[in-house]
Amino acid sequence: MADDKRKSIKLNDEQLMLDASQVADIYHQLTLDLFDQVIDRIKERGSASLEDNPYIWQLEKMNEMGLLNEDNLKLISDRSGIAEEQLRHVIQNEGYQIYKDTKQQLLEATGQDGVVKNTLIQNNLAAYVNQTMGDIDNLINTSLPKSVREVYQSIIEEATAKVVTGLATSDKAISDTVMKWAKKGFYGFTDSQGKHWRADTYARQVIKSTAWRVYNEVRMSAAEEMGIDTFYYSIKSAARELCAPLQHRIVTTGIARTEHGERILSLSDYGYGTPGGCRGVNCSHIMTPFVVGANDKPDLLDELKELTPEQAIENANVQAKQRALERSIRQSKEYLHVAEKLGDTELIDKYKNKVRVQQGAMRDYLKQHKFLQRDYAREKYYDDPFNQAKKEVKLRKEQEKIKELTSKRERFENARKSGRIVSVSDNTVGHTPPGKTGKPNSVVQHSATNGDILGRVYYDDRGLKNKEVHFTNHKRPDKHPYGIKGEHVHEYVFDNAGKIVSRNTRELHDYEREENLDVLWKY
């Protein structure tokens, strides 16, 4: 070992899972906003009213379906693009960072040195994102628009029928029918078990599944590479029956054993790999690679020190009821939003009162169970995850651009200090470039009247130009498909009489880029 003192393991936080959840929130927000567009289109006043001319109103609204579909496709495109960018960042960047941190900790614990890099892991992470986005895109871009159209059509037809048959007034017919479909949500698909999935629920499930798979595999991979099969099993105040005995213990994917006086429990004895077992469906326990004899377990919070497996199991049941209350509050807030969009005072009062009652029930429940903490974020209608993600994507791109420019600038400064930048003997300003002849073995610069450097002409030992380096595409990208911004080289061959023999165009060689970095470093 690197030293005799044991090192406490560093627990990677769950930021990856939190960020993945925010991506899923974008798809939930998308379905809510799509439903808003349905309400707006239905409530929009036309030439006929549902009260006076129900069939004409129905015909007009059905004719507007094409406009609704255009609005929907634009909204879906905007949200999906940002969601995909965020998910790629979360899985590929944050996922790989967890792998590197875990591997580095293991190297330190075992007293080894090494460069932490794994291209296979990076490729696997990219493949996970591609597979996940493929599943989601098929649902969001195909099934969801169709479902929105079907909901819109059903609301119009059902509301019209209620008015025609005298079952409700026009306002009541629209409110009741819209609220009915708000509760149903937009259909996503039916699985092999016959279960109907809402579009946003399915997207969340796919994203959550991928994120947990990544979070688990990048840590396990780092351990497997070093022949380590032991892990620290995290501890929470609430745990399922097969997880509770493993909390704050050392576990293994192999056989149970004892090392350095530490009893190591086998995951296979606790249902590992089964839906209801340890690390099964919806389990959020973390397994951190642990080197027995080199690592120490982390210190526990005071409220967890005396926690027994039996208490953890009981707490899990209590916490499940809190989650149910949170979902009911958030759902009532969503229905309240629909009521407000409809302008239905009766429904508004109904759901405002329902939210108050549910929030009161939550307060009372938390008083009964002191270990629970209120999480207001779980009760929110939504916190505009789309615009938050949009700002993060923009900021990330700006930071990447600054980082890239800084790196290029450093490369230029190194080239300048080492004398690799070409020495220019003269400068021609204006439209006309330097001529065919010049001072032997010299370089003449060509600049625009505004100071921009357009190119440089190189002369051989006879004073005949043998090369022109151009830093633009002459506003003809089709003729100069070179470099980053069209930068290219014209090579010339003249005979001794000064007659041109050949001329060709090509990319800049690496050394030519290096000696012209004073111009090209910004490209």
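Keep in mind that what you see is a predicted model, and the values were worked out from it rather than measured.

Trainee: In this structure, what is going on with the sheet that holds strand S7 (residues 262-266)? I would like to understand it.
Mentor: In a beta sheet, neighbouring strands are held together by backbone hydrogen bonds and run either parallel or antiparallel to one another. Judged by pairing direction, the sheet is mixed, and its five strands sit side by side in the order S6-S7-S5-S4-S8 without closing on themselves. Each edge of the open sheet is held by one strand with a lone partner, namely strand S6 (257-259) and strand S8 (287-289). Across the sheet, the axes of successive neighbouring strands diverge by a mean angle of 40 degrees, strand direction being ignored. Across three bridges, the pairing between strand S4 (residues 230-233) and S8 is antiparallel. For tyrosine 232, the partnering residue across the bridge sits in S8 and is threonine 288.

Trainee: What's the story with the sheet that holds strand S13 (residues 465-470) in this structure? I'm lost.
Mentor: With mixed pairing, the six strands of this open sheet are ordered in space as S10-S11-S12-S13-S14-S15. Across the chains shown, the open sheet's two edge strands, defined by having one partner strand only, are strand S10 (426-429) and strand S15 (500-506). The average angle at which neighbouring strand axes cross in this sheet is 20 degrees, direction not considered. Pairing of S13 with strand S14 (residues 488-494), which is carried by four bridges, proceeds in the antiparallel orientation. Residue pairing in the sheet places valine 469 in a bridge with valine 489 of S14.

Trainee: Explain the nonpolar core to me, please; I cannot follow it from the model alone.
Mentor: Ranked by internal contacts, the top residues of the largest apolar core, which has 108 residues, are Tyr27, Phe35, Leu144 and Tyr233. Considering each element in turn, this core owes the most residues, 16 residues, to helix H4 (residues 119-164). Counting residues in hydrophobic clusters, the runner-up holds 10 residues, among them Val422, Phe471, Leu520 and Tyr523.

Trainee: When you look at the side chain of aspartate 36 in this model, what are you seeing that I'm missing?
Mentor: Relative to the elements of secondary structure, aspartate 36 occurs in helix H1 (residues 15-43). Salt bridges are absent for the buried aspartate 36, whose nearest opposite-charge side chain, lysine 341, sits at 4.7 Å. In this view, aspartate 36 contacts His337, Lys341 and Tyr381; residues no more than four positions away in its chain are not counted.

Trainee: Can you help me understand the environment of serine 49 in this one?
Mentor: Looking at where serine 49 falls in the secondary structure, it is placed in the loop between H1 and helix H2 (54-63). Given a relative accessible area of 28%, serine 49 falls into the partly exposed group. Through-space distance from the C-alpha of serine 49 to that of serine 268 is 66 Å; in sequence the pair is 219 residues apart. Discounting chain neighbours no more than four positions away, the residues touching serine 49 are Pro54 and Trp57. Here the side chain of serine 49 touches aspartate 52 through a polar contact of 3.0 Å, landing on its backbone nitrogen.

Trainee: Got a minute to help me understand the layout of surface pockets in this structure?
Mentor: Gaps between atoms show up when a probe of the same size as a water molecule is rolled over them. Empty space within the second largest pocket amounts to approximately 540 Å³. Residue lining of the second largest pocket: 21 residues in total, with Lys208, Ser209, Trp212, Arg213 and Gly280 positioned closest to the centre. Here the lining of the second largest pocket takes eight residues from helix H6 (residues 199-225), the largest share from any one element. When its residues are assigned to classes, the lining of the second largest pocket shows seven nonpolar, 10 polar and four charged.

The rules behind each value
- Residues numbered from 1 in each chain as written.
- Predicted model: local features only at pLDDT ≥ 70, side-chain atom pairs only at ≥ 80, totals over all residues.
- Heavy atoms only, no water.
- Pairing = 2+ DSSP bridges.
- Helix = DSSP H or I, 4+ residues; strand = E, 2+ residues; numbered from the N terminus.
- Axes fitted to C-alpha atoms, helices over the stretch in contact; angles between N-to-C directions.
- Core = buried A, V, L, I, M, F, W, Y, C linked by side-chain atoms within 4.5 Å.
- Buried < 20%, exposed > 50% of the residue type's maximum accessible area, 1.4 Å probe, protein only.
- Lys, Arg positive; Asp, Glu negative; His and termini not counted.
- Salt bridge = Lys/Arg side-chain N within 4 Å of Asp/Glu carboxyl O.
- Contact = heavy atoms within 4.5 Å.
- Polar contact = N/O pair within 3.5 Å; in protein donor to acceptor, adjacent residues only side chain to side chain.
- 1 Å grid on protein atoms, 1.4 Å probe; cavity = no way out; pocket = protein on both sides within 12 Å on 5 of 7 lines; lining within 4 Å.
- Points joined across faces, edges and corners; volume = space filled by probe spheres on them.
- Nonpolar A, V, L, I, M, F, W, Y, C, P; charged D, E, K, R; others polar.

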